[in-house]
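Below, each chain spelled out in residue letters.
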Amino acid sequence: MVSPRLVAKIESEEPSLRLAVLIDADNAQAAVIEGLLAEIARFGEATVKRIYGDFTSPASSQWKKVLNKHAIKPVQQFAYTTGKNATDSTLIIDAMDLLYTRRFDGFCLVSSDSDFTGLALRIREEGLTVLGFGEEKTPDAFRNACHKFIFTEVLRPLPSENTVLKASKNGSIKKTAPSASSPEKSTGTDKPNKKFPREFVLQALEQASDDAGWANLGTFGSYLTKLQPDFDARLFGFKKLSELVAAKTDIFCIEKRKVNGSDAKVLYVRAK
């Protein structure tokens, strides 16, 4: 018999999105799989996880080690002829089959290939959420066809913050402390930073703000994503948008306001 307390807990939880995760093995890296699935979990539940490719090919051997661990169903697709990608067609057909079941709230398309632009647009036409994942080389057309596009470079595992592992000449591994001369990063990430799009961010903030110039951080973040689906604070060395606006003191003013009837506080931001 199920505990009444457990039933109450389940009923009180907010429903999460039911997501279909479709991975193009020809245009995705197995090294990011853990970070990828963790990122997807922020948006909802991956009820279907499939990966498409020719797993007899040496190029797809990297995926064989992680499929069972993460319960990802492989869909084998032999290359019919050289120079043609049969994997894309199989993924698109499966996506449409899943779309017409009406069992999903959104799709996660993992690829850096612009060939999936039409698929993303078609899914959006049905009113479903489209999350894209790919490398920075992904063409703008596919990025902008998604509601949110996340670069897989920011999902790669980080090295230890306190130690750096180096292989000695005899093959053993020793730990060495970071050099005192190397600058410490306050952002908590070792990702290479992109140039900060100051003008774009300020324009977005102006559109999201009220008459006094203040904008709720959540509203500001949503507006940024709508204008530029691949905008991500991690690309600029910050884990969250709140950390980014707090660090950019030359651009932003921030203010914490209490929520009526609660001790919780909400962050507001405006341009200086």
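Going by the structure above, here's the rest.
Residues numbered from 1 in each chain as written. Predicted model: local features only at pLDDT ≥ 70, side-chain atom pairs only at ≥ 80, totals over all residues. Heavy atoms only, no water.

Caption draft 1: Local environment of the overall build of the chain. Check the secondary structure of the chain and you find nine helices and eleven strands. The buried share among the 272 residues of the chain stands at 39%. (Helix = DSSP H or I, 4+ residues; strand = E, 2+ residues; numbered from the N terminus. Buried < 20%, exposed > 50% of the residue type's maximum accessible area, 1.4 Å probe, protein only.)

Caption draft 2: Representation of helix α8 (residues 217-227) within the structure. Three or more residues of α8 are buried, namely Leu-217, Phe-220, Gly-221, Leu-224 and Thr-225. An end-on view of α8 places all buried positions within 135° of arc, on one side of the element. Each element contacted by the buried residues of α8 is listed here: β6 (148-151), α7 (198-208), β9 (215-216), α9 (241-247) and β11 (265-271). In this structure Asn-216 caps α8, since a side-chain oxygen of it lies 2.7 Å from the backbone nitrogen of Gly-218. (Arc of directions from axis to C-beta. Contact = heavy atoms within 4.5 Å. Polar contact = N/O pair within 3.5 Å; in protein donor to acceptor, adjacent residues only side chain to side chain.)

Caption draft 3: The sheet that holds β11, seen in detail. Spatial strand order, β9-β11-β10: three strands in an open sheet with antiparallel pairing. Each edge of the open sheet is held by one strand with a lone partner, namely β9 and β10 (252-258). Across seven bridges, β10 lies against β11 in antiparallel orientation. Residue pairing in the sheet places Lys-256 in a bridge with Leu-267 of β11. Across the face of the sheet, α7 comes into contact with β9, β10 and β11 while running at roughly 120° to β11. (Pairing = 2+ DSSP bridges. Axes fitted to C-alpha atoms, helices over the stretch in contact; angles between N-to-C directions.)

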